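Coordinate inspection notes
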Amino acid sequence: MAIDTKSTPTERSRAPRFLVWLLALAVVGVAGVLLTLVWFIGPSTHAVETVPPADAVVLFAGATERLDTAVQLMENGAAPSLVIPNGTDIEDAEDLCEGGASFEVVCPITDEVTTAGEARAIGRIAGERGWSSLIAVTSVYHVHRATFLLGRCYDGPVDVVTPSGDIGMGDLVDKIPHEWAGFLAA
């Protein structure tokens, strides 16, 4: 029997542990990339023209394109009511909140100006009015977090519509770390 003089038993046992850690890190990395693709880049949404009717369209604050999409849904008759949390604080929504629309617009002030605060306000109003279905309008990268938080406050079905041409890949790369942090905090 030959004795291995090149390495000690401790050094030989480190190599497999290192490989296990390296493999675990690779699995976590691949899982993170796949979750990012599914949650933030390719979530299941409807087009403005194909979303089923609902009791209300609810808007999560953000890009102007979101408001434009919500108004388009309302003009297409997707729902009788539009909810814009903190709408009086959004420059482009201010006129709508002050009665400048041909449809009902509800603009609740939220307890906090966050996605969670918006979801709580939407859930409260839906409960008060007995709404059984909603259409949420938000950006593609925000769908998972917005619907997750809304699901804590509202039990009915929520269909999601995102603005077409919502965001470019460069902007998306900037948004994903914020969405991951927000989702983990939720």
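Described below are features of the structure shown in this document. (Residues numbered from 1 in each chain as written. Predicted model: local features only at pLDDT ≥ 70, side-chain atom pairs only at ≥ 80, totals over all residues. Heavy atoms only, no water.)

1. Here's the deal with the pairing of strand β1 (residues 56-59)
Residues Ala56 and Val58 point to one face of β1 and Val57 and Leu59 to the other, with burial holding for every one of them. Alignment of β1 against strand β2 (residues 81-83), held across three bridges, turns out to be parallel. Counterpart to Ala56 in the pairing with β2 is Ser81. Two elements, β1 and strand β4 (residues 134-137), share four bridges in a ladder whose sense is parallel. Its bridge partner lying in β4, Val57 is registered against Ile135. (Buried < 20%, exposed > 50% of the residue type's maximum accessible area, 1.4 Å probe, protein only. Helix = DSSP H or I, 4+ residues; strand = E, 2+ residues; numbered from the N terminus. Pairing = 2+ DSSP bridges.)

2. Digging into the pairing of strand β5 (residues 158-161)
Pairing of β4 with β5, which is carried by four bridges, proceeds in the parallel orientation. In the sheet register, Ile135 faces β5, and the bridge partner there is Asp159.

3. Considering the state of the cysteines
Taken as a whole and assessed by the stated rule, the structure comprises one disulfide. Between the sulfur atoms of Cys97 and its disulfide partner Cys107 the distance amounts to 1.9 Å. Its torsion about the S-S bond being -85°, the disulfide of Cys97 and Cys107 is classed as left-handed. Pair noted here: Cys97 is in helix α3 (residues 94-97) and Cys107 is in the loop between β3 (104-106) and α4 (115-129), with a separation of 10 residues, a long-range link. (Disulfide = S-S within 2.5 Å.)

4. Some words on the nonpolar core
One finds Val57, Leu73, Leu82, Ile84, Val105 and Ile135 to be the most contacted residues of the largest nonpolar core, which totals 23 residues. Secondary-structure elements contributing two or more residues to this core are β1, α2 (64-75), α3 and β4. Per element, the largest residue contribution to this core is five residues, and it comes from α2. Setting aside chain neighbours within four positions, we find Val57 in contact with Ala70, Leu73, Met74, Ala78, Ala79, Ser81, Leu82, Val83, Ile135 and Val137. Membership of the second largest hydrophobic core comes to 18 residues, among which are Val83, Ala136, Leu149 and Val160. (Core = buried A, V, L, I, M, F, W, Y, C linked by side-chain atoms within 4.5 Å. Contact = heavy atoms within 4.5 Å.)

5. Digging into the sheet that holds β5
In spatial order, the strands read β3-β2-β1-β4-β5; together these five strands make up an open sheet with parallel pairing. The two strands at the open ends of the sheet, each matched to only one other strand, are β3 and β5. Strand-to-strand, the axes of this sheet are offset by a mean angle of 25°, without reference to chain direction. (Axes fitted to C-alpha atoms, helices over the stretch in contact; angles between N-to-C directions.)

6. Thoughts on a negative patch on the surface
Taken together, the side chains of Glu65, Asp68, Asp89, Glu91, Asp92, Glu94, Asp95 and Glu98 present a region of like negative charge at the surface. Within the residue set of the negative patch, elements represented by two or more residues are α2 and α3. Positionally, Asp92 belongs in the loop between β2 and α3. (Patch = residues over 30% accessible without salt bridge, like charges linked within 9 Å, V, L, I, M, F, W, Y side chains within 5 Å. Areas by Shrake-Rupley, 256 points an atom, 1.4 Å probe, with all protein chains shown as cover. Salt bridge = Lys/Arg side-chain N within 4 Å of Asp/Glu carboxyl O. Lys, Arg positive; Asp, Glu negative; His and termini not counted. Charge placed at Lys NZ, Arg CZ, Asp CG, Glu CD.)

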